[in-house]
Amino acid sequence: MFDIDHLDSHALAALLEWQRDMGVTEAVGETPVDRYAHAAEAQARRAEAAAAAPGLAQIEPKRRPPPPPKPVEVDTAAEAARAVAGLATLEALAQALEAFEHCELKRGARNFVFSDGRAGARVMVLGEAPGRDEDLQGKPFVGRAGQLLDRMFAAIGLSRDAPAAEGALYIANVLPWRPPGNRTPEPSEVAMMRPFVEAHVRLADPDVLVVMGNTPMQAVLGRTGILAARGTWAEAWGKPVLPMTHPSYLLRTPAAKREAWADLLALKARLEQA
């Protein structure tokens, strides 16, 4: 074994170059090292430091705060049923509906839209929800679709402005607040409003209920498919129900006005028979 202390710089460089060529990657000492002993010594030093400063040993590591509790899920339909229980007037129903806090649509709506026309009318018309014009004016069916609705029912002698119940209309929507962007109401929103709709029909007490479009048909009859169901009489809450296509659909599909006219004539015949 040679003495490395007597090698000059050129010899040391040549030796290092030879080790690199041989694939040496780690420098190892002449005597073995007990790594476990080093770890035990380090632990002993930490224990001595903790004994010298006992206050530091009592400091606990910072704990993460517990996760926030999950929000309690509310059965909004059950809450709606409780809100309408025992109501005896349309005025009380309007107050209970306007105060209902579980429908998020009211946060973005301008106005609460309850009803229009004459309470006690023989015919109650139920639509979907307010649109832009209805939201601005606070009345149902006042935009283009509402103007067409007025002309349709005027053709069989019915009007929201009629002073007598025989020739009057009472008009409302499933939802009293405008959905953002006039989107279709969600099934959960329809289910939430159903107790209010049932109470509305009970208190308005029409002879006939006309549901215009899929959303009111879902709320009243529990199903959709208005194009297949229109013109076919049904029953809900002890009232005869006539499904009809919504006036907005008739504006988009003028050819469907012929079927709507047939439905109006069926309504007129039903009223004359009663």
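What counts as what
- Going along each chain's sequence as written, the residues are numbered from 1 onward.
- The predicted origin of the model limits local features to residues at a pLDDT of at least 70 and limits the giving and counting of side-chain atom pairs to 80 or more, whereas totals for whole chains, interfaces and linings rest on all residues.
- Each side-chain value is worked out from all heavy atoms of the structure, with water and hydrogens disregarded.
- A run of DSSP states H or I qualifies as a helix once it reaches four residues; a run of E qualifies as a strand once it reaches two. Both are numbered from the N-terminal end.
- Partly exposed describes any residue whose relative accessible area lies between the buried limit of under 20% and the exposed limit of over 50%, with all areas from a 1.4 Å probe on protein chains only and scaled to the type maximum.
- Every accessible area reported is derived by Shrake-Rupley at a probe size of 1.4 Å, with residue values counting cover from the shown protein chains alone.
- A fitted line through C-alpha atoms serves as each axis, taken over the contacting stretch for helices, and the angle formed by two N-to-C directions is quoted from 0 to 180°.
- Here the angle decides the label: under 35 degrees means roughly parallel, over 145 means roughly antiparallel, 65 to 115 means roughly perpendicular, and every other value means oblique.
- Whether a crossing is left-handed or right-handed is set by the direction in which the near helix is turned from the far one by less than a right angle, anticlockwise for left-handed and clockwise for right-handed.
- In what follows, residue pairs with any heavy atoms lying within 4.5 Å of each other are defined as contacts.
- Each residue receives one of three labels: charged for Asp, Glu, Lys and Arg, nonpolar for Ala, Val, Leu, Ile, Met, Phe, Trp, Tyr, Cys and Pro, and polar for the others, Gly being one of them.

Turning to the overall build of the chain, a few remarks are in order. If you tally the helices and strands in the chain, you get 13 helices and 6 strands. When the 274 residues of the chain are sorted by exposure, 38% land in the buried category. In the structure as shown, the chain presents an accessible area of about 16900 Å², 54% of it carried by carbon and sulfur atoms.

The next thing to look at is the packing of helix 9 (residues 187–204) against helix 10 (residues 214–221). In helix packing, the relevant descriptors are the interaxial angle and the interaxial distance, both defined with respect to the helix axes. Between helix 9 and helix 10, the shortest axis-to-axis distance is 9 Å and the interhelical angle comes to 60°. As far as their axial angle goes, helix 10 and helix 9 are oblique. Note on packing geometry: the crossing formed by helix 9 with helix 10 is right-handed. For the pair formed by helix 9 and helix 10, the contact residues are Pro 187, Val 190, Arg 194 and Val 197 on the first element and Thr 215, Gln 218, Ala 219 and Val 220 on the second. Split into classes, the residues belonging to the contact of helix 9 with helix 10 amount to 5 nonpolar, 2 polar and 1 charged.

In terms of residue burial, helix 10 counts as a mostly covered element, since 6 of its 8 residues are buried. Along helix 10, the positions that sit buried rather than exposed are Thr 215, Pro 216, Met 217, Ala 219, Val 220 and Leu 221. Of the residues one or two after helix 10, Gly 222 is the one with positive phi, at around 75°.

This part takes up unusual backbone geometry. Backbone geometry at Phe 141 places phi at a positive 55°, although glycine is not the residue there. Note on placement: Phe 141 falls in the loop between helix 7 (132–137) and helix 8 (144–154). Owing to a relative accessible area of 4%, Phe 141 belongs among the buried residues under this scheme.

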